Amino acid sequence: PLGFHGQLRPYQLDAVGWLGMMADLELGGVLADDMGLGKTVMLIAHLLQQGYGPHLVVCPTSVVANWERELARFAPDLPRLRHHGAERGDDLEGFRGVVVTSYGTLRRDIDLLAQVRWHVVALDEAQQVKNPDTLGARAVRRLRSWHCVALTGTPVENRLRELWSVLDLTNPGLLGPRARFERRYANPIERRGDHAARVQLRRMIAPFVLRRTKADPRVASDLPP
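The structure displayed is predicted, hence computed values, not measured ones.

Counting its regular elements, the protein chain contains 10 helices and 7 strands. Relative to the compact-globule value of 17 Å for 225 residues, the protein chain shows a C-alpha radius of gyration of 17 Å, a close match. Counting every position in the protein chain, which comprises 225 residues, the buried fraction comes to 52%. A separation of at least 24 residues holds for 73% of the contacts in the protein chain among residues at least 6 apart in sequence. Accessible surface, the protein chain: about 11100 Å² in total, of which carbon and sulfur atoms supply 49%.

Put into structure tokens, the structure is as follows:
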């Protein structure tokens, strides 16, 4: 993308293209590649493609500074603002660029952050909101955005209730109410190994989840030796 400082590997370009397509369709997506494949870089390239937003990146406190460094490195011309810590401001009106905040700050400042109409909301390490009943997950649901992306290195397909929670944040209503999802998919698959239910669920979520592993031949050939 214009303004990106770096070079994306072919499988990373594929992900940026997929994210752009989902944004064009006004749909959310889950980028669930293995750890180490560069999800942060892919998301930054995607944000650049989407313009000046405003965009919101929500992440664990431990990686707020890392997001700032990576944004400065790969997208130095994209304005960025840290909304975290005791000195954070209380007015985001008119800001254009990327706001980086933590899940804890999101919970505390949700009244402020929910006032903004975000272009992209990105949830880094989205397993942080895998429980839909937590204050963090409820806060995410109050955010207003045109396009929501969840980043996770945890194989959500092995934890079906977490899968429902994350997809319900990126694409509300896609998998129906939680009780019906558990009755139709989670319980039959996890308790009885229902193959037909597994195939049906995989087909349903396939357009909305991009997951590649380091062992994937399409990825392995692009990795450095």
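Of the consecutive residues G53 and P54, the connecting peptide bond is found in the cis state with omega at 15 degrees. Considering the arrangement of structural elements, one finds P54 in the loop between α2 (39–49) and β2 (55–59). At E125, a residue that is not glycine, the phi angle is positive and equals roughly 50 degrees. Relative to the assigned elements, E125 resides in the loop between β5 (117–123) and α6 (135–142).

A few words on α2. Taken across its 11 residues, α2 has 10 buried, putting it largely inside the fold. By the burial criterion, the buried members of α2 are K39, T40, V41, M42, L43, I44, A45, H46, L47 and L48. Backbone geometry just after α2 places G51 at a positive phi near 85 degrees.

In contact at an axis separation of 10 Å, α2 and helix α3 (residues 64–74) are set at 55 degrees when each is read in the N-to-C sense. Relative to α3, α2 is oriented oblique. As for the relative orientation of α2 and α3, their crossing is right-handed in sense. Together, T40, V41, L43, I44 and L48 of α2 and W67, E70, L71 and F74 of α3 make up the contact between the two elements. Residue composition of the contact of α2 with α3, grouped by class: 7 nonpolar, 1 polar and 1 charged.

The subject of this paragraph is the packing of helix α8 (residues 178–192) against helix α9 (residues 195–205). Contact geometry of α8 with α9 gives a least axis separation of 9 Å together with a crossing angle of 120 degrees. Comparing the axis directions of α8 and α9 gives the class oblique. When the axes of α8 and α9 are compared, the crossing they make is left-handed. In contact with F181, R184, Y185, P188 and I189 of α8, α9 contributes A197, R198, Q200, L201 and M204. For the contact of α8 with α9, a count of residues per class yields 7 nonpolar, 1 polar and 2 charged.

Moving on to the pattern of salt bridges. In total, this model carries 10 salt bridges according to the counting rule given. Here R211 makes a salt bridge to D34, at a shortest N to O gap of 3.2 Å. Residue R211 is found in the loop between β7 (209–210) and α10 (217–220), and its partner D34 is found in the loop between β1 (29–31) and α2; the two are separated by 177 residues along the sequence. Between R161 and E190 there is a salt bridge, with the nearest N and O atoms lying 2.5 Å from each other. Residue R161 is found in helix α7 (residues 160–170), and its partner E190 is found in helix α8; the two are separated by 29 residues along the sequence. The exposure class assigned to R161 is partly exposed, which follows from its relative accessible area of 32%. Each of R161, E182 and E190 takes part in a single network of salt bridges with overlapping partners.

What counts, and at which threshold
Residues numbered from 1 in each chain as written. Predicted model: local features only at pLDDT ≥ 70, side-chain atom pairs only at ≥ 80, totals over all residues. Heavy atoms only, no water. Helix = DSSP H or I, 4+ residues; strand = E, 2+ residues; numbered from the N terminus. Rg over C-alpha atoms; globule rule 2.2 N^0.38 Å. Buried < 20%, exposed > 50% of the residue type's maximum accessible area, 1.4 Å probe, protein only. Contact = heavy atoms within 4.5 Å. Areas by Shrake-Rupley, 256 points an atom, 1.4 Å probe, with all protein chains shown as cover. Axes fitted to C-alpha atoms, helices over the stretch in contact; angles between N-to-C directions. Parallel < 35°, antiparallel > 145°, perpendicular 65-115°, else oblique. Left-handed = near helix turned anticlockwise from the far one by under 90°. Nonpolar A, V, L, I, M, F, W, Y, C, P; charged D, E, K, R; others polar. Salt bridge = Lys/Arg side-chain N within 4 Å of Asp/Glu carboxyl O.

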